[in-house]
Amino acid sequence: MDAAPLPPIPFLDLKAQQARLGPGLRARLDAVLAHGQYILGPEVAELEAKLATFCGAKHCVSVSSGTDALQIALMAEGVGRGDAVFLPAFTYTATAEVPLLLGATPVFVDVDPGSFQIDLVSLRARIAQVKQAGKLTPRAVIGVDLFGQPADWAGLRAIAAEHGLFTLDDCAQSFGAAQDGERLGKAADATATSFFPSKPLGAYGDGGALFTQSDERAALYRSLRTHGEGAQRYEVLRIGMNGRLDTMQAAVLLAKLDVFEGEIARREAIARIYDAELAGVVETPARVPGAQSAWAVYSVLLPSAARRDAARAALQAANIGNAVYYPRALHQQPAYAACHDGTALPVAESLGARILALPIHPDLSDEQALRVAATLRVAVTG
Ligand SMILES: *Cc1c(COP(=O)(O)O)cnc(C)c1O
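If you're wondering where the values come from, they're calculated on a predicted model, not measured in any experiment. (Residues numbered from 1 in each chain as written. Predicted model: local features only at pLDDT ≥ 70, side-chain atom pairs only at ≥ 80, totals over all residues. Heavy atoms only, no water.)

A.B. asks: Could you give an account of the confidence of the model for the protein, naming the residues involved and the relevant values?
C.D. replies: Within the protein, residue pLDDT values average 97, and 99% of them lie at 70 or more. The secondary structure element of the protein with the lowest average pLDDT is helix α1 (residues 14-21), at 94, and the one with the highest is strand β9 (residues 208-212), at 99. (pLDDT = per-residue confidence, 0-100. Helix = DSSP H or I, 4+ residues; strand = E, 2+ residues; numbered from the N terminus.)

A.B. asks: Summarise the layout of surface pockets; cite the residues concerned and give the values.
C.D. replies: Counted as a void, the largest pocket has a volume near 560 Å³. Lining of the largest pocket is provided by 32 residues; of these, Gln-173, Phe-196, Ser-198, Lys-199 and Tyr-326 occupy positions nearest its centre. Partitioned by chemical class, the residues of the lining of the largest pocket number 16 nonpolar, 11 polar and five charged. Lining the lining of the largest pocket are residues from two domains, each supplying at least three of them: domain 1 (17-257) and domain 2 (259-381). (1 Å grid on protein atoms, 1.4 Å probe; cavity = no way out; pocket = protein on both sides within 12 Å on 5 of 7 lines; lining within 4 Å. Points joined across faces, edges and corners; volume = space filled by probe spheres on them. Nonpolar A, V, L, I, M, F, W, Y, C, P; charged D, E, K, R; others polar. Domains from an automatic or database assignment.)

A.B. asks: Any chance you could break down the domain arrangement of the protein for me, citing the residues and the numbers?
C.D. replies: According to the domain assignment, the protein consists of domain 1 (17-257) and domain 2 (259-381). A straight line from the C-alpha centre of domain 1 to that of domain 2 covers 24 Å. Domain 1 puts 47 residues into the contact, and the matching count from domain 2 is 40 residues. Of the roughly 3,500 Å² buried at the junction of domain 1 and domain 2 (both faces included), carbon and sulfur atoms supply 60%. Taken as a group, Phe-90, Phe-108 and Phe-147 account for 19% of the area that domain 1 buries against domain 2, more than any other trio of residues on that side. The partner of Asp-363 in a salt bridge is Arg-20, with the nearest N and O atoms 2.7 Å apart. When residues of the side of domain 1 that touches domain 2 are traced back to their parent elements, those giving at least two are α1, α5 (93-101), β3 (105-109), α6 (120-133), β6 (178-179) and α9 (247-278). Split by residue class, the side of domain 1 that touches domain 2 holds 23 nonpolar, 15 polar and nine charged. (Contact = heavy atoms within 4.5 Å. Buried area = accessible area lost by both parts, 1.4 Å probe. Salt bridge = Lys/Arg side-chain N within 4 Å of Asp/Glu carboxyl O.)

A.B. asks: A description of helix α2 (residues 23-35) should follow, citing residues and the corresponding values.
C.D. replies: Between the first and last C-alpha of α2 there are 19 Å, a value that for 13 residues agrees with the 18 Å anticipated at 1.5 Å per step. Count one or two residues on from α2 and you reach Gly-36, which has phi positive near 70°. (Expected span 1.5 Å × (residues − 1).)

Given below as structure tokens:
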């Protein structure tokens, strides 16, 4: 007789989180329905102040998504045709899409095989290559804090200073992460984050924010998110976009911010269970020294594509949620083929076949995490 099937373990469990948030969330939403200021209502300013305090940044400007945050940051610098924007090849498409939309050229950089973060040796080589070719002007570097860990911002700032590059932190997956006790938000000239529901601090819809220490940049971001508006309503100083965060989403985020630190601690506890249970079974993610991860994603590496696919099938069969971030490096995607110069980026090119993300949401129990690890162990070691 077959044993009763074990209950599924979801990759993400927003229903459990919603139940845990309790009546505080409803009270926040009801307050918005009562005052009716759906665009730039009081919750938006309250959230911006709290987020800036949370990460220690001077300014927070909330926007409509992480992608729009990246776009507004590059628009404010006037990045466009003829400019090279350096970014890791192993990231979500939004990082590279934005410079292309503005007419600039993304220059893909390889990543570190252990931490998956942008590789500074490759970055130096790519900058030298662009300078040598003489067709593009090196303008900006977008460091992505992939999967919740910080990129090497001290290293990135040093290289950027040497070459006069604007530094943009794509912190979409890593808001709440810290390096040497300092939360991300002021590691670069501008920091962009996302409140997409699956991100560590997720809304119930799209949302994002920009952080900066610069008064001038913050003022530009506010203008650009409202069609380039000046001090007067309907005074149009520049071409901007409709890039505001909804008041309803700000209300959701205020309720979630109250429990956010506890959620990061819970994700860290799950990561430690996986680290311990999977040591020697798969390659567990290398920790960036001195960093606290926000653990958006816990990705392991299998020895080959075939072993990864088999492990994935075993998790699927056991009703355990899993995902592959990302099956291909960006320069291997059809949409980016034309803008890539053909340089081989061997690490980024090899990760997609071997990587596998395990569930790590804050409502996952120790018991569930142990079951995930045990299922993976059996799949790998037999
Ligand atoms: C999610 C994500 C974005 C885009 O954020 P949205 O809010 O979905 O627009 C950008 N960069 C990275 C690395 C992301 O993971």
